[in-house]
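The lines below spell out each chain.
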Amino acid sequence: MSNSDELSLFWVHETQVRTYEGSGPFGETYTDPQDVPCFIDSTRKLVRDQTGREVVSEATIQGPITHGAKFTPESLTTIDGRERTVITAANHYSGALDLPDHFEVTTT
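Overview of the structure. (Residues numbered from 1 in each chain as written. Predicted model: local features only at pLDDT ≥ 70, side-chain atom pairs only at ≥ 80, totals over all residues. Heavy atoms only, no water.)

Each aromatic ring pair is described using two quantities: the centre-to-centre distance and the angle formed by the ring planes. All chains considered together, the criterion is met by two aromatic pairs. Aromatic side chains F71 and F103 sit 4.7 Å apart centroid to centroid with 20 degrees between the ring planes, which places their arrangement in the stacked category. Highlighted residues: F71 in the loop between strand 7 (59-64) and strand 8 (76-79) and F103 in strand 10 (residues 102-107), separated in sequence by 32 residues. Residue classification places F71 among the buried positions, given a relative accessible area of 2%. The exposure class assigned to F103 is buried, which follows from its relative accessible area of 1%. Across the ring face of Y30, the terminal group of R18 is positioned such that the distance to the ring centre comes to 5.0 Å. (Phe/Tyr/Trp six-rings, centres within 6.5 Å; stacked < 30°, edge-to-face > 60°. Helix = DSSP H or I, 4+ residues; strand = E, 2+ residues; numbered from the N terminus. Buried < 20%, exposed > 50% of the residue type's maximum accessible area, 1.4 Å probe, protein only. Lys NZ or Arg CZ within 6 Å of the ring centre and 35° of its normal.)

Structure representation (structure tokens):
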């Protein structure tokens, strides 16, 4: 389902994201901050990063699928005034089930 409005009641939080664009001669580059409605779960858990290494995630963010592409690994997101790094990012599509689509990311 392309319309994520069915989950809008769950987006009770907001985060800012600066999407990682890459590394250059002057260090890492990011987009300007963008506000994203979301749900934040501050439960600590063990996850695997892009290389397969186990790392501790301090928070999981879920939000409307329309914002999913902004959260790539190494992007920066702000939770409670603290900037955190995105460890994993996934877009969840329901396909023929016709359920609400959303994104999910884990952060440091």
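What follows covers the sheet that holds strand 1 (residues 13-18). With antiparallel pairing, the six strands of this closed barrel are ordered in space as 1-4-7-10-9-8. When strand polarity is set aside, the average angle formed by the axes of neighbouring strands in this sheet is 45 degrees. Of the strand pairs in this sheet, strand 1 and strand 8 are connected by three bridges, and their pairing is antiparallel. If you follow V17 over to strand 8, its bridge partner there is T77. (Pairing = 2+ DSSP bridges. Axes fitted to C-alpha atoms, helices over the stretch in contact; angles between N-to-C directions.)

The subject of this paragraph is unusual backbone geometry. With a phi close to 80 degrees, E74 is a non-glycine residue in the positive phi region. Positionally, E74 belongs in the loop between strand 7 and strand 8. Taking the relative accessible area as the measure of exposure, E74 reaches 35% and is therefore partly exposed. With a phi angle near 50 degrees, D80 is a residue other than glycine that sits in the positive phi range. Considering the arrangement of structural elements, one finds D80 in the loop between strand 8 and strand 9 (82-92). D80 gets classed as exposed once you look at its relative accessible area, which sits at 77%.

A word on the side chain of T15. When you line up the elements, T15 lands in strand 1. For T15, the side chain forms a polar contact with the main-chain oxygen of T78, separated by 2.6 Å. Those residues in contact with T15 that lie beyond four places of it in its chain are Q34, D35, V36, C38, I61, F71, T77, T78 and I79. (Polar contact = N/O pair within 3.5 Å; in protein donor to acceptor, adjacent residues only side chain to side chain. Contact = heavy atoms within 4.5 Å.)

The subject of this paragraph is the nonpolar core. Core analysis: the largest hydrophobic core is formed by eleven residues, namely V17, V36, C38, I40, A59, I61, F71, I79, V86, F103 and V105. When residues of this core are traced back to their parent elements, those giving at least two are strand 4 (34-41), strand 7 and strand 10. Here this core takes three residues from strand 4, the largest share from any one element. With residues up to four places along the chain from it excluded, the contact list for V86 reads F71, T72, P73, E74, S75, T77, V105, T106 and T107. (Core = buried A, V, L, I, M, F, W, Y, C linked by side-chain atoms within 4.5 Å.)

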